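# A structural walkthrough
The residues making up each chain are set out below.
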Amino acid sequence: MADQGPVEPDRSTLRLALVVGGLVLAVLLGFGLGRLNANGTVTGSPSLAAEHTDPPGVAPHNHGSATATDQGAAVEPGGLAVSSAGFTLVPLVTEFVAGRPGQLRFQVRDAQRRPISRFAIVHDKPMHLIVVRRDLTGYQHLHPTMAADGTWSVPLTLAQPGLWRAYADFTVVADNGAQTAVTLGADLVAPGDYRPRPLPGPVTSTTVDGFTVGYQGTVQAGATVPLTFRVGGAGGAAQLERYLGAYGHLVALREGDLGYLHVHPETELVDGQIKFWLTTPGPGRYRLYLDFQVNAEVRTAEFTLTVP
């Protein structure tokens, strides 16, 4: 029998294949676009929009460097460098007039110097910005907004002259959906007569606007230990409200190099207290900043912690 050559599909079969392929492509594109909102933050997935994509069962933990691990392992503080894990914090302004309202603008850029615009929403925000003077006074916890070109901006007042440190705490979302949590730090300055204040001595109780805030727990370098904070008012235990998705937020800064730890609490109160699990990377003195909310107002309680 003579060779008839390859058999070609008929036109109806080709049309059917094109229709099916087009439908599959449309579904895939729709799924991808549905995961981004207008400003590049990730939406549409509870694991992204609510918290992190940590494996199920991971306990509350520290945010330190991009390479830090969670419970039971050594944690390196973040914010020590302007670049880490292939990302760079680029402030567009670094000098402010002490006591005068200003505007901090910055970008997060990748290894090719391109501004990043895809961030996961963590604790209700895609970007947490911590600003503090180098003597650990003047603490501020801010939430910038991002423009379409990836430029973040936030009103900022540096109350006193001196050198200040800004920490950008965020989670980048790659094109394949992978997330990288990073904390980068950059210096700001308010020219003038800088008179650093000595760090207050260690205490386990303080007062803030009529509220008494105390904590319990013994911290050891390199160990993960519980710290429980109780907030009391005039009539007993204060009625704590969720702020940024949690009953409290704890930032720890190490004296000297200003290494940064952001510690997440248990999701619910424990016997009316806010319970954190803290891992300190080494001995030294740390300043703790506890943000809590009562009657829709956020307050910050500060403590000095000495880790032997």
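This section reports on the structure supplied with the text. (Residues numbered from 1 in each chain as written. Predicted model: local features only at pLDDT ≥ 70, side-chain atom pairs only at ≥ 80, totals over all residues. Heavy atoms only, no water.)

### Description of the overall build of the chain
Each helix and strand in the chain was counted, giving two helices and 19 strands. Taking all 308 residues of the chain together, the buried fraction comes to 43%. Relative to all contacts within the chain whose residues are 6 or more apart in sequence, the contacts with residues 24 or more apart total 63%. Carbon and sulfur atoms provide 56% of the accessible area of the chain, an area that totals close to 15300 Å². (Helix = DSSP H or I, 4+ residues; strand = E, 2+ residues; numbered from the N terminus. Buried < 20%, exposed > 50% of the residue type's maximum accessible area, 1.4 Å probe, protein only. Contact = heavy atoms within 4.5 Å. Areas by Shrake-Rupley, 256 points an atom, 1.4 Å probe, with all protein chains shown as cover.)

### A closer look at the pattern of salt bridges
Under the counting rule described, the total for this entry stands at 12 salt bridges. One salt bridge connects D110 with R114, and the closest N-O pair in it is separated by 2.9 Å. On the basis of relative accessible area, D110 is assigned to the buried category, the value being 12%. Taking relative accessible area as the criterion, R114 reaches 48% and is therefore assigned partly exposed. Linking R299 and E297 is a salt bridge whose minimum nitrogen-to-oxygen distance equals 3.1 Å. For R299, a relative accessible area of 12% gives the class buried. A cluster of three or more residues bridged by salt bridges with shared partners is formed by R134, R165 and D187. (Salt bridge = Lys/Arg side-chain N within 4 Å of Asp/Glu carboxyl O.)

### Concerning the nonpolar core
Grouped together as the largest cluster of nonpolar side chains are 28 residues, with contacts concentrated most on V213, F229, L288, F292 and L305. Looking at this core, the elements that each hand over two or more residues are β12 (211-216), β13 (224-233), β15 (249-254), β16 (260-263), β17 (274-279), β18 (284-294) and β19 (297-307). The leading source of residues in this core is β18, at five residues. When near neighbours in sequence (up to four residues on either side) are disregarded, F292 contacts F211, V213, V231, L240, Y247, E297, V298, R299 and A301. One finds F106, M146, V172 and A186 within the second-largest nonpolar core, a separate group that totals 27 residues. (Core = buried A, V, L, I, M, F, W, Y, C linked by side-chain atoms within 4.5 Å.)

### Some thoughts on the side chain of D291
Along the polypeptide, D291 turns up in strand β18. Buried and without a salt bridge, D291 has R299 as its closest oppositely charged side chain, separated by 11 Å. There is a polar contact of 3.2 Å between the side chain of D291 and the side chain of Y139. Of the polar contacts made by the side chain of D291, one reaches the side chain of H141; its length is 2.9 Å. (Lys, Arg positive; Asp, Glu negative; His and termini not counted. Polar contact = N/O pair within 3.5 Å; in protein donor to acceptor, adjacent residues only side chain to side chain.)

### Re the pairing of strand β3 (residues 87-91)
With four of five residues buried, β3 is to be regarded as a mostly interior element. Sheet topology places strand β2 (residues 83-84) next to β3; two bridges connect them, and they run antiparallel. When the sheet's bridge partners are listed, S83 is paired in β3 with T88. Linking β2 to β3, which pair antiparallel, is a turn of two residues; within it A85 sits at a positive phi near 55 degrees. Here β3 pairs with strand β4 (residues 102-109) via four bridges, running antiparallel. Bridging from a neighbouring strand, P91 pairs with F106 of β4. (Pairing = 2+ DSSP bridges.)

### Quick word on unusual backbone geometry
Phi angles above zero are rare outside glycine, and D124 is one such case at about 70 degrees. Note on placement: D124 falls in the loop between β4 and β5 (127-133). Of note in this structure, D271 is not a glycine but carries a positive phi near 55 degrees. The topology assignment puts D271 in the loop between β16 and β17. The exposed category is assigned to D271, whose relative accessible area is 68%.

### Quick look at the sheet that holds strand β6 (residues 140-142)
Taken in spatial order, the four strands make up an open sheet running β6-β5-β9-β10, and their pairing is antiparallel. Taken across any chain shown, the strands that pair with only one partner, and hence form the sheet edges, are β6 and β10 (179-190). For this sheet, the mean inter-axis angle between neighbouring strands, taken without regard to orientation, is 20 degrees. Pairing geometry for β5 and strand β9 (residues 162-173), over seven bridges, is antiparallel. (Axes fitted to C-alpha atoms, helices over the stretch in contact; angles between N-to-C directions.)

From the geometry alone we can't say anything about function, so treat these as descriptive.
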